[in-house]
Amino acid sequence: MLREKPRAGVNAQHPDTTYALLSSAALPALLFAIPAHAQNSDTIVVSATKSPLPLSQVGSAVSVIEADEIAQRQYQFVADALSQTAGLAIARNGSLGGQAALRIRGEAAGRTLVIIDGVVVNDASAPGGGFNFANLDAADVERIEIIRGPQSILYGSEAIGGVVSITTKRGDGAPEAQLFLEGGSFATFRGGASVTGAAGAADYGVTVSGITSNGVSRADGGDEADGIDAYTASANLDFDAASNLRFETSLRYNHTRTDFDGFPPPAFELADTDDEDISEEFLAAGRALLTLFEGKLENIVTVGYHRIDRESVLGDVTTFEGEGDRLSAEYLARFKLSEKISLVAGAEHERTHTDTSGIEDAVDVNSVFGLVAVTPVKNLTFTAGGRHDDHETFGGATTARVTAAYYAEQAGLVLRGSWGEGFAAPSLFQLNFVCCGGTTPNRDLQPETSDGWDAGFDKTLGDIATFRATYFHQSTENQIDFDFASGAYVNIASTVRKGVEAELALRPLAGVDVSVSYAYIDATDRITGLPLLRQPKHAVALNGDWRVTDRFSLGATFRYNGEEADGGGPIDDWMRVDLRASYAATESLELFGRIENAFDADYQDVLFYGEPGVAAFGGVRVRI
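Here's a quick rundown of the structure. (Residues numbered from 1 in each chain as written. Predicted model: local features only at pLDDT ≥ 70, side-chain atom pairs only at ≥ 80, totals over all residues. Heavy atoms only, no water.)

1. Observations regarding the pairing of strand β11 (residues 188–199)
Here is step 1: Pairing of strand β10 (residues 176–184) with β11 involves 9 bridges; the strand directions are antiparallel. Bridged to Glu176 within β11 is Thr196.
Here is step 2: Between β10 and β11, which pair antiparallel in sequence order, lie 3 residues; one of them, Phe186, sits at a positive phi of approximately 65°.
Here is step 3: Relative to strand β12 (residues 202–216), β11 runs antiparallel, the two sharing 11 bridges. Among the inter-strand pairings, Thr196 is bridged to a residue of β12, identified as Gly205.
Here is step 4: What sits between β11 and β12 in their antiparallel hairpin is a turn of 2 residues, with Gly200 showing a positive phi close to 65°. (Pairing = 2+ DSSP bridges. Helix = DSSP H or I, 4+ residues; strand = E, 2+ residues; numbered from the N terminus.)

What follows is the structure, encoded as structure tokens:
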């Protein structure tokens, strides 16, 4: 089969996750299957090399989050899952619906490339070109792969910090319907339904979900609640036209309305206001996969389109308008030259367009890339590759990357390391924006460049324990920031980020699973010596799950976020505890509930923005 779904390979027999590593199955007969043990060397990943490979052959630092973990932890949004992953930090302006920016290893939020079903969804109209995770519902997510460090050789600009690749649910086997409903604090109601299956040569998946909530005030200490109303619909249809030819399509639509607080005069400080933000997103993708020469050559053509329209209003007055869209086409060839050598190569064209507050611009980028993987001896894998981008505004840029992985099978040990370069052109917003007394935008902005390396290991002790650790070092030159003196964006910074990511998964007793992730990240501006904003130096996530009986399970999450710098001053460190439980009433019905921020911690994730106190939610899942 030609489908790109990793679960079709070895991972279908080992449905493992990277960081939860928990097993508290709530329903008999694997109704809502929970991962039984830690991610192992056979787990298949695709994003690291754009080719399915066992984790033991991947030199990059990769994490995988599966749908099982999302259901088990009762995550509402993808941001909730990412925030507990080592080396990743989510900065969210308040609770539900607040702007949620992702930083990988302290890199700027706009330097993480986000992909859904093969389509880049970074917002071309956003200041830094980043992706807002606030409204990305997790209901239709099948799998998330995260690659850390510069990934420009396969993914081009915007991938300096890393890549988050999301795959939505697709059909496989007999038709199946799932439904969930939940409600709780702040008049919150959320629900969704999905239908997946296969019929003859076709398979399909359709999901709809939505959430409404009164929320809490965005402004810390405010009295006016800021709510959210959002819904998402997605559909996938795949078809095997022949034994060696497959077509895949994806559609996705999201509509969100959120309340937020502004900075009213005369104090111009964050306070209760009646501002609203309305956004619409649309994604469409088509892919053709053709294999030749008895499966030795795979040809993949992908065409993708993503558009986002945003509007902010205060009463009848529009305070901001932004439209951004991206059209891309890629040809990818995967050629197995021999049992020891394989090649991935391709070409890509991308056109990005934005119309923001009356400023309209577009840019074309053409790229070619190649990657060779060599296994000179058993269990030792090297990869090396390069990419050349021809940017319409900034000309040519060439980046390179090398990795190595060695699997000591008898010892249950994987050694891995990588080095790579990154290239990130200024966003269209940065090239065209001017305010605050400035007269002209800075059209002389230069691209950011970076290089980074990491080295680490994975150690497994049977089904009892898995330990992973990675050291990394990455630097960025010509970092782009806003300059109030000129009222425009400028190249001012040279930054460095270094640190350690570590994860430990334990099964001390049957039915009991514990996982701990820890990240130490020292992110500094080399020019000023000051720490980079909104990046905690220390972050810990501890998860424990206990399968009390075959039907009843309990779980808890402890999170610690260290002190971090923000634009108006430091943010204090904070701790939070969440509790959860589930009960399998029948083989097709699960009851679940959770208490978030169980000890009512008073904290801020972004300076001046409030977070909810203790909150309770309960719901039901049904599978037909």
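2. Examining the nonpolar core
Here is step 1: By size, the foremost hydrophobic cluster in this structure holds 28 residues, and its most contacted members are Val78, Leu82, Leu102, Phe133, Ile144, Ile146 and Ile166.
Here is step 2: Of all the elements in the fold, those that place two or more residues in this core are α2 (78–82), β4 (88–92), β5 (100–104), β6 (112–116), β8 (141–148), β9 (162–168) and β15 (271–292).
Here is step 3: It is α2 that provides the largest number of residues to this core, a total of 4 residues.
Here is step 4: Beyond its immediate stretch of four places on either side in the chain, Val78 contacts Phe133, Leu136, Asp137, Ala138, Val141, Ile144 and Ile166.
Here is step 5: One finds Val58, Ile115, Ile153 and Val163 within the second-largest nonpolar core, a separate group that totals 22 residues. (Core = buried A, V, L, I, M, F, W, Y, C linked by side-chain atoms within 4.5 Å. Buried < 20%, exposed > 50% of the residue type's maximum accessible area, 1.4 Å probe, protein only. Contact = heavy atoms within 4.5 Å.)

3. A short note on the pattern of salt bridges
Here is step 1: Inspection of every chain in the model, using the stated rule, returns 48 salt bridges.
Here is step 2: Note that Arg92 and Asp80 form a salt bridge whose closest N and O atoms lie 3.3 Å from each other. Taken as a pair, Arg92 in strand β4 and Asp80 in helix α2 lie far apart in primary sequence, 12 residues in all. Comparing Arg92 with Asp80, the two get one shared label, buried. (Salt bridge = Lys/Arg side-chain N within 4 Å of Asp/Glu carboxyl O.)

4. A word on unusual backbone geometry
Here is step 1: A cis amide bond links Pro265 with the next residue in sequence, Pro266, at an omega value of 5°.
Here is step 2: Mapped onto the secondary structure, Pro266 falls in the loop between β14 (245–262) and β15.
Here is step 3: Here Arg105, not a glycine, exhibits a phi torsion of approximately 55°, which is positive.
Here is step 4: Relative to the helices and strands, Arg105 is located in the loop between β5 and β6.
Here is step 5: For Glu294, which is not a glycine, the phi torsion comes out positive at approximately 55°.
Here is step 6: For Glu294, the position within the fold is in the loop between β15 and β16 (297–314).
Here is step 7: Residue classification places Glu294 among the exposed residues on the basis of a relative accessible area of 83%.

5. Things to note about the environment of Arg148
Here is step 1: Along the chain, Arg148 turns up in strand β8.
Here is step 2: Taking the relative accessible area as the measure of exposure, Arg148 reaches 2% and is therefore buried.
Here is step 3: Spatially, the C-alpha atom of Arg148 lies 11 Å from that of Leu113, the residues being 35 residues apart in sequence.

By themselves, these are just geometric observations and shouldn't be taken as functional.
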